[in-house]
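Given next are the chains, with one letter for each unit.
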Amino acid sequence: MDPFWLFLIFPFAAAAAIQLGLKRNARLSAFVSTLSVAATFVLSVVFLGSDNPNSHFNWATTSGFSIQIGLQLDALSRGMMFVVTGVGLLVHVFSLGYMKDDDGKARYFCGLSIFMFSMTGIVLADNFIMMFIFWELVGFSSYLLIGHWFQKDSAADAAKKAFLVNRIGDFGFMIGILMLWGLAGSFVFDSMELPAQGPLLTAAMLLVFCGAVGKSAQFPLHVWLPDAMEGPTPVSALIHAATMVAAGVYMLFRLQFSVGADLFANASGEIIAWIGAGTALLAALMATQQDDIKRVLAYSTLSQLGYMIMAVGLAGHHGLTAGEAGMFHLYTHAWFKALLFLGSGAIIYACHHEQDIWKMGGLAKRMRGTTATFAIATAALIAVPYLVSGFYSKEEILMQTLSHGHVTPLFFVAVFVAFLTPFYMTRLFIVTFLGKPRSHGAEEAREVPTVMLLPLLILAVLSVVAGFKPIAGMFSAMDPRHGHHDGAALVLAASAGTLVAGVLLGFLVYRRRDADPLASNALFKVFRNKFYIDEAYAKVVRFGQDAVAAIAHFFDEFLINGLLVGGLSRGAAGFGNLFRRLQSGNLQGYAILFAIGILLVIYLTVFMTP
Amino acid sequence: MIVLLILIPIAAAIAIMAGAPARPAALGAALLNLVLGAIFALTFTGNPDDGGLTIQILEKPNIHLALGLYDGMSIILMLLTVIVTFAAVLSGRCPEGTERIWFPSTLFIAAGALGAFLSTDLFFFYAFHELALIPTFIMIGMLGRGDRKEAAWKITIYLAFGSIVLLAGLLWLVNAAGADSLLFDDLLASTIPADQQKGIAAFLLVGFGILVSLFPFHSWAAPAYASAPAPVSMLHAGVLKKFGLYGLLRLYPMISEGLQPWLTWLIVLLLGNILWVGFVTINQKRLDLMLGNSSVMHMGYVFLAIAALIAAGSESANPIAKPAAIVLMFAHGVSIALLFGLSDRIERKTGTLELRDLGGLAKSAPSLAFLFGLAGLASIGLPGLANFAGEVLVFLSGFKEFADDPAGGLGPIQVATILSLWGVVISAVYILRAYRRTFQGPVVTATDGARDLTFAERIPAVFLAFFLILPGLYPNTLIQFMAHDAPSAEPPQIVHDADRPPLGIPRWSPGEGSMLTEH
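Residues numbered from 1 in each chain as written. Chains lettered and ligands numbered in written order. Predicted model: local features only at pLDDT ≥ 70, side-chain atom pairs only at ≥ 80, totals over all residues.

*Asks:* Would you mind going over the overall build of chain B with me for this structure?
*Replies:* Regarding its fold elements, chain B presents 21 helices and two strands. Taken along its principal axes, the extent of the C-alpha atoms in chain B is 65 × 55 × 45 Å. Buried residues in chain B amount to 66% of all 519 residues. Residue pairs in contact within chain B that sit at least 24 positions apart in sequence constitute 79% of those at least 6 positions apart. (Helix = DSSP H or I, 4+ residues; strand = E, 2+ residues; numbered from the N terminus. Buried ≥ 20, exposed ≤ 12 C-beta atoms within 10 Å, placed from the backbone. Contact = placed C-beta atoms within 7 Å.)

*Asks:* Looking at this structure, I do not really get the overall build of chain A. What am I missing?
*Replies:* Looking only at helices and strands, one finds 25 helices and two strands in chain A. For a compact globule of 610 residues, the expected C-alpha radius of gyration is about 25 Å, and chain A comes in at 28 Å, within 12% of that figure. Looking at chain A as a whole, 60% of its 610 residues are labelled buried. For chain A, contacts bridging at least 24 residues in sequence account for 79% of all contacts bridging at least 6. (Rg over C-alpha atoms; globule rule 2.2 N^0.38 Å.)

*Asks:* Mind showing me how you'd approach the nonpolar core here?
*Replies:* Nonpolar side chains in soluble globular proteins tend to end up buried together. Judged by nonpolar contacts, the single largest core of 444 residues is most densely connected at Val249 and Ala338 of chain A together with Ala307, Ala325, Val334 and Leu468 of chain B. Once residues within four sequence positions are removed from consideration, Leu468 of chain B is found in contact with Ala331, Val334, Ser335, Leu374, Ala375, Ala378, Leu385 and Ala386 of chain B. (Core = buried A, V, L, I, M, F, W, Y, C linked by C-beta atoms within 7 Å.)

*Asks:* Whenever I open this one, the confidence of the model for chain B confuses me. Can you help?
*Replies:* Reading fine detail from the predicted coordinates is not recommended where pLDDT is low. Residue and element names in this part refer to chain B. Confidence along chain B averages 87 in pLDDT terms, with 93% of residues attaining 70 or more. Here residues 487-519 is modelled with pLDDT under 50, and outside its nearest four sequence neighbours on either side it reaches 65 contacts, counting other chains as well. Across the interfaces of the predicted complex, the ipTM metric reaches 0.90, alongside a pTM of 0.91. (pLDDT = per-residue confidence, 0-100.)

*Asks:* Looking at this model, I keep getting lost on the confidence of the model for chain A. Mind explaining?
*Replies:* On average, residues of chain A score 87 in pLDDT, and 92% of them are at 70 or above. Segment residues 578-585 of chain A: pLDDT under 50, and seven contacts once partners within four positions in sequence are set aside and those in other chains are kept.

*Asks:* Please clarify how helix α3 (residues 75-98) of chain A should be interpreted in this entry.
*Replies:* Structural remark: α-helix, 3.6 residues per turn; residues separated by three or four positions point the same way. Taking 1.5 Å as the rise per residue, α3 of chain A with 24 residues should run 34 Å; its terminal C-alpha atoms sit 34 Å apart, in good agreement. With 22 of its 24 residues buried, α3 of chain A lies for the most part within the structure. (Expected span 1.5 Å × (residues − 1).)

*Asks:* So what exactly am I meant to see when it comes to the pairing of strand β1 (residues 55-62) of chain A here?
*Replies:* When a strand is regular, its side chains alternate between the sheet's two faces. Residue and element names in this part refer to chain A. Taken across its eight residues, β1 has eight buried, putting it largely inside the fold. Pairing between β1 and strand β2 (residues 65-71): seven bridges, direction antiparallel. Its bridge partner being in β2, His56 is matched across the sheet by Gly70. (Pairing = 2+ DSSP bridges.)

*Asks:* Teacher, can you tell me more about unusual backbone geometry here?
*Replies:* The peptide bond linking Phe219 of chain A to Pro220 of chain A adopts the cis configuration, its omega dihedral lying at 5°. Following the sequence through the fold, Pro220 of chain A ends up in the loop between α7 (199-215) and α8 (224-227). Cis geometry marks the peptide bond from Phe215 of chain B to Pro216 of chain B, where omega comes out at -5°. Turning to its location among the elements, Pro216 of chain B is positioned in the loop between α8 (194-211) and α9 (221-227). Unlike most non-glycine residues, Ala217 of chain A shows phi in positive territory, near 50°.

*Asks:* I'm lost on the environment of Thr421 of chain A in this one. Help?
*Replies:* Residues and elements named next belong to chain A. By the element assignment, Thr421 lies in helix α18 (residues 409-433). Sequence separation between Thr421 and Arg295 is 126 residues, and the spatial gap between their C-alpha atoms is 14 Å. Leave out the neighbours within four places in its chain, and Thr421 touches Ala284, Ser303, Leu381, Ile382 and Gly502.

*Asks:* Quick question: what am I supposed to make of helix α2 (residues 26-47) of chain A here?
*Replies:* Residue and element names in this part refer to chain A. With 22 residues, α2 extends 32 Å from end C-alpha to end C-alpha; this agrees with the ideal 32 Å at 1.5 Å per step. Taken as a whole, α2 has its buried residues at Ala26, Ser29, Ala30, Val32, Ser33, Thr34, Ser36, Val37, Thr40, Phe41 and Ser44. Buried residues along α2 sit against α1 (6-20), α3 and α4 (105-124).

*Asks:* Explain the packing of helix α11 (residues 242-251) of chain B against helix α15 (residues 321-350) of chain B to me, please; I cannot follow it from the model alone.
*Replies:* All names here are of chain B. Between α11 and α15, the least distance of the axes is 11 Å, while the angle of their chain directions is 170°. Viewed along their axes, α11 and α15 adopt a mutual orientation that is roughly antiparallel. Of the two elements, α11 crosses α15, and the hand of that crossing is left-handed. In this structure, α11 uses Lys242, Leu245 and Leu249 to contact α15, whose residues at the interface are Lys322, Ala325, Met329 and Gly333. In terms of residue class, the contact of α11 with α15 is made up of four nonpolar, one polar and two charged. (Axes fitted to C-alpha atoms, helices over the stretch in contact; angles between N-to-C directions. Parallel < 35°, antiparallel > 145°, perpendicular 65-115°, else oblique. Left-handed = near helix turned anticlockwise from the far one by under 90°. Nonpolar A, V, L, I, M, F, W, Y, C, P; charged D, E, K, R; others polar.)

*Asks:* I'm lost on the pairing of strand β1 (residues 53-58) of chain B in this one. Help?
*Replies:* Residues and elements named next belong to chain B. Examined bridge by bridge, β1 and strand β2 (residues 63-67) share five bridges and lie antiparallel to one another. Following the sheet pairing, Leu58 is matched in β2 by Ile63. Between β1 and β2, which pair antiparallel in sequence order, lie four residues.

*Asks:* Would you explain the environment of Thr445 of chain B in this entry?
*Replies:* As for its placement among the helices and strands, Thr445 of chain B is situated in the loop between α19 (412-439) and α20 (455-473). Each C-alpha atom of the pair Thr445 of chain B and Gly360 of chain B lies 10.0 Å from the other, and the pair is 85 residues apart in sequence.

*Asks:* Please clarify how the packing of helix α3 (residues 72-91) of chain B against helix α10 (residues 230-240) of chain B should be interpreted in this entry.
*Replies:* Geometrically, a packed helix pair is captured by the angle between its two axes and the distance between the axes. Residues and elements named next belong to chain B. One way to put it is that α3 packs onto α10 with a least axis distance of 8 Å and a crossing angle of 165°. As summarised for this structure, α3 and α10 are arranged roughly antiparallel, according to the angle between their axes. Read as a crossing pair, α3 and α10 show a hand that is right-handed. For the pair α3 and α10, contact is made by Leu80, Thr81, Val84, Thr85, Ala87, Ala88, Val89 and Ser91 and by Ala230, Pro231, Met234, Leu235, Gly238 and Val239, respectively.

*Asks:* What's the story with the environment of Val462 of chain B in this structure? I'm lost.
*Replies:* Residues and elements named next belong to chain B. With respect to the helices and strands, the residue Val462 is situated in helix α20. A count of 18 C-beta atoms within 10 Å places Val462 in the partly exposed class. Taking the C-alpha atoms as reference points, Val462 and Ser367, 95 residues apart in sequence, are found 9.9 Å from one another.

What follows is the structure, encoded as structure tokens:
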């Protein structure tokens, strides 16, 4: 057996061991789970530079056809494994502190191990069916972890919502996979042939993209991600910021990497790019008016994922480089967004589970380590030039929106998002860390224990250095910086300008405030209420699905049951009255009816067959 | 030897009626059957006559009491029966003083189902199924819950009607085939004139369809399962209902042409199962009715595989369809049996199955919540559990035609597959809603202080769960039983890909599947 099956075996064994017995001992469960992810992290470092053959076995075989489970460790998946296990390890360690006294600690770590198992499967899958299997499992582990505190109605509802919205995406995803199977001649990425362009291919690509819309929370299926913040904060860092939600980007790039960027060279690529850009914009606007620290970060994640999707969609125009830009941003974003979430987790922990930024304030003096690392991550997210990793990847993304050095409509959208990002992050930073404490919890806040601070420090280092060329170069499939770009100066000017403008505006509006001055503004109210999309969907579910269900049930009960087959039943009832005369209760009647039936069978068989 | 599988439960049932200790005797018989069934399945060499039995009962018409493992389909359904029977006998809540009806009836249902799946003669195939129905009706009518008389009456009328339509179809089939005997071997070797196939196919579709709750003949199912004692709903929904699907697949080669004119109808009706009944399921307010309707809905997916088979014209033209149907039948049988068994537990512990009266049960009964969640997720096709393997194969079989000839565009089966895929969303809606209402959220009056499953109660549930997990993680454990089947005259394509050496895990690999494509 090839050693890289251990990637899947370690987390699976940890989850199974916890569920089957270790769960009685929460500390041991946490230890085993953390150990398994540490082992896979070591493995991914070991395999980082090597070149490995694929390995597979038959999973479901019928004559002449087989679904296989196969691992593919190539330039793309090796880099992704490093990110997944790296963030995973740090989040596990952080969780040791964050979830120390939780009643469901063993269950929590079991869920994390199931997640690591599933995510690894997506990354290493060498074919689409296997990817779908783990794709769904990732959704399931996300359901488990969002609903960790299932006795809270809001957490249970959020978990359900996340699962169902992802299922809607997977509905399209599965159709897309089935269609691509026909068009490309295989499920196995390396064996797929680039199909001829045509409407069927466009449809298939858009349907496959539905999977990414669900998992990477793109408009119009973005609604589950902010609600998913009901889960424990380390889960948000791992699953809902760095890894799982990036799976959609990874899947689309896997297709480009293994089959060819020309797959997107039809209308589908254009639509994908616009959906990404639209999500980036909408989410950034919503982020400007959120008061829950995790929700600001959640919308920021949506926005950044929109950037990545946009870049991947542009592969039809720019070839593999565009997708690489998306992957590069995925890779830098993983570190600094995980850091932002873990930082918010540290704050929430220190403020006794307070999440409203308006009830924080003055934390910079009380939590110096957390504040410093949070500041670095913020710098990375708002792309401070040359200093931090986020700058390099965002430059590459903006570069993709140019066409031969000229601006396109997408460029303006992307640049506007680049202005909104520093604005809402400045708001978040000022309100949370500066000024005076606005609640008892914030007053009492103290720096978190070392086990939680250490992952923050490591992530802070990575948030700075990950973008530097020698380091990013180790993940070759994730670094688009080869060759020369037209318009680099234009992009640099635009991003530096928007950065300064955004920070300045945020500073002017939110300096020394105790409440949001924009909250009463009609336009910002729309942002605060997320464009009322959630409300609209709730109405669709109520008046669409539930009403249809009630109507179907009504007709089923009264038409099909009442008239159609009920008539049959009544007719037979008259016949059955004969047997009731035997006064034996109905039951013996049934039995006799059937005994007679069997006799009838024998009679008919004996006398009516030749 | 195989006859033992039928004789043991019958002997135990008679012994119990004669005064033997009821529960131990029933358990012993179920356990013995389980062990024997496993041995027969694992030692099967591919020869249907091994351990079989053929006794001529009548010369004219030529009827045999013929039993044997005809092929992988029979083996898998036999295994399903002994597995669910064991769990059903273990998990029954027998009301005081009814042991001599309760356990013998359960055993008779099992014996009838085994007889139907193991008969290699058409007459006994039919007769054994009828035998199993009688105790089903008795149990619902005498020992059921709620509106049991109404439910018993309805299921009796329905299934009696279905059986009669089926009987007419079978008689026609036998007449038209003109075979030497009613043995499957003889029948399947004969050919039926094309002009008669269409009529026979109609009778068989309706007859078998009613027995499988094909839309719109489905409204007996949910109330019957809700009223039935747990072992009966487990055995009927889990096992006996598969008889109709088994029959269609078994007789398919004889009427493959005659079924084709009915393809459009079948597609419409199976979409009725998946979409219409799916929506009906969403609107259920009681857990047991919800589960009953969901089991009706999931039959639509098996019919989808059968429709793909009919459209392809032969098993060799779509070699995915039949294994897909069988894997899904097995998986559905185990998962619905587990769900019915556990919903019975929920009612015992909380006194209600009304969703609005439940809540927060996971807090006080974590094992119950875990097992119910596992079964529920299995039933909505979560990968890693058996139902997913069946469902994904069904969807693949639906797209086989397109994969073979993408230039032909999307045909009716592909469109049906796409529409059926929406059912995957629908089923997630109702299962997650029910789980949310029952197990999550704050604790309510009914669930306050409800006890978790005891160790003894956990045994049948964990036992069933095992058979969702094992074929779910590695479906070839189940599919391998079909390795001996020869679906086509042409030998299976064998393609070795030198670059991709197979891992040494599978003990067996039929024909070394050709890398997902056979271009």
